[in-house]
Amino acid sequence: MSAIKHHRILLKLSGEALMGEADYGIDPKVIGRLAREIIEVRNAGVQVGVVIGGGNIFRGAGLAASGMDRVTGDHMGMLATVMNALAMQDAIERAGGTARTMSAIKINEVCEDFIRRRAIRHLEKDRVVLFAAGTGNPFFTTDSAAALRAIEIGADLLLKATKVDGVYSSDPAKNPAATRYEHLSYDEVIQRNLQVMDTSAIALSRDHRIPLRIYDMSREGDLMRIMHGEPIGTLVSSDG
């Protein structure tokens, strides 16, 4: 197998990804497998930061659509991401790794505050850093938080783990004829409204020239294959 191609990555996991086949919450088998894959990559010499969404527990926009105040709903969503990050921290440590959860909102009794220099120091000490509570602000998604944290820690690749094997021209579950793209530019994603990540996240990645790769997290071993440079999923970069 070829040499490791990446030094520091930011992995974005959706909260829904942690549910497995369940309708709600966290599937221990799924989070355990993800933890083992993260540790495998970390042991290969890659520094790993992780942002996890909270959609398996609460989603601020969904709560707002049901009539709740949007700011209140988003704050609840932030707390849900803290819960998911703590669960992932526990799974990583039970699997033999070391991890730190850092929150964008103050919740000192259960995890650290996010401080950029301290986060980088944790990465340099071979700890997986789990970034919780999004950006700490309502109206911003965890996709935007992932792009922001990737920039702040100097990641050389932003990964979004999903339930599909890349970006398609339309929903492949509804349209069997949908085309999967191997490579796109940031502007193509925005102009075609491909729903890879929200527009703010794509624009941040574009402006700071951080490549983004979307892949299927259910395929065990793909994270390590990407670290070795295999063209898995869809790459979004400045020269699509």
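Quick note: structure is the one above.
This one's a predicted model, so the numbers in the text were calculated from it and none came from an experiment.

(A) Representation of the pairing of strand E1 (residues 8–13). Burial analysis of E1 places 6 of its 6 residues in the buried class, the great majority of the element. Here E1 shows a buried face lined by Arg8, Leu10 and Lys12 and a second buried face lined by Ile9, Leu11 and Leu13. Of the strand pairs in this sheet, E1 and strand E2 (residues 47–52) are connected by 6 bridges, and their pairing is parallel. Bridge pairing in E2 places Leu13 opposite Ile52.

(B) A look at the layout of surface pockets. The calculated volume of the largest pocket comes to roughly 1200 Å³. Lining the largest pocket are 50 residues, and of these Lys12, Arg59, Asp143, Lys160 and Val196 sit closest to its centre. Looking at the lining of the largest pocket element by element, the count peaks at 6 residues for helix H3 (residues 70–94). Grouping the amino acids of the lining of the largest pocket by side-chain chemistry returns 19 nonpolar, 21 polar and 10 charged. One number sums up the size of the second largest pocket: a volume of about 170 Å³. Around the second largest pocket, the lining residues are Glu16, Ala17, Gly20, Glu21, Lys29, Val30, Arg33, Lys163, Asp216, Met217 and Ser218.

(C) Summary view of the pattern of salt bridges. Summed over the entire model, instances satisfying the criterion amount to 15 salt bridges. Among the ionic pairs, Arg100 bridges to Glu112, the shortest N-O distance being 3.9 Å. Of this pair, Arg100 sits in strand E3 (residues 99–103) while Glu112 sits in strand E4 (residues 112–113), and the two are 12 residues apart along the sequence. Classification of Arg100 as partly exposed rests on a relative accessible area of 26%. A salt bridge links Glu188 to Arg192; the nearest nitrogen and oxygen atoms lie 3.5 Å apart. Among the ionic contacts, a cluster of salt bridges with common partners joins Lys12, Asp143 and Lys160.

Reading the values: the criteria
Residues numbered from 1 in each chain as written. Predicted model: local features only at pLDDT ≥ 70, side-chain atom pairs only at ≥ 80, totals over all residues. Heavy atoms only, no water. Buried < 20%, exposed > 50% of the residue type's maximum accessible area, 1.4 Å probe, protein only. Helix = DSSP H or I, 4+ residues; strand = E, 2+ residues; numbered from the N terminus. Pairing = 2+ DSSP bridges. 1 Å grid on protein atoms, 1.4 Å probe; cavity = no way out; pocket = protein on both sides within 12 Å on 5 of 7 lines; lining within 4 Å. Points joined across faces, edges and corners; volume = space filled by probe spheres on them. Nonpolar A, V, L, I, M, F, W, Y, C, P; charged D, E, K, R; others polar. Salt bridge = Lys/Arg side-chain N within 4 Å of Asp/Glu carboxyl O.

Just distances and angles here, no functional claims.
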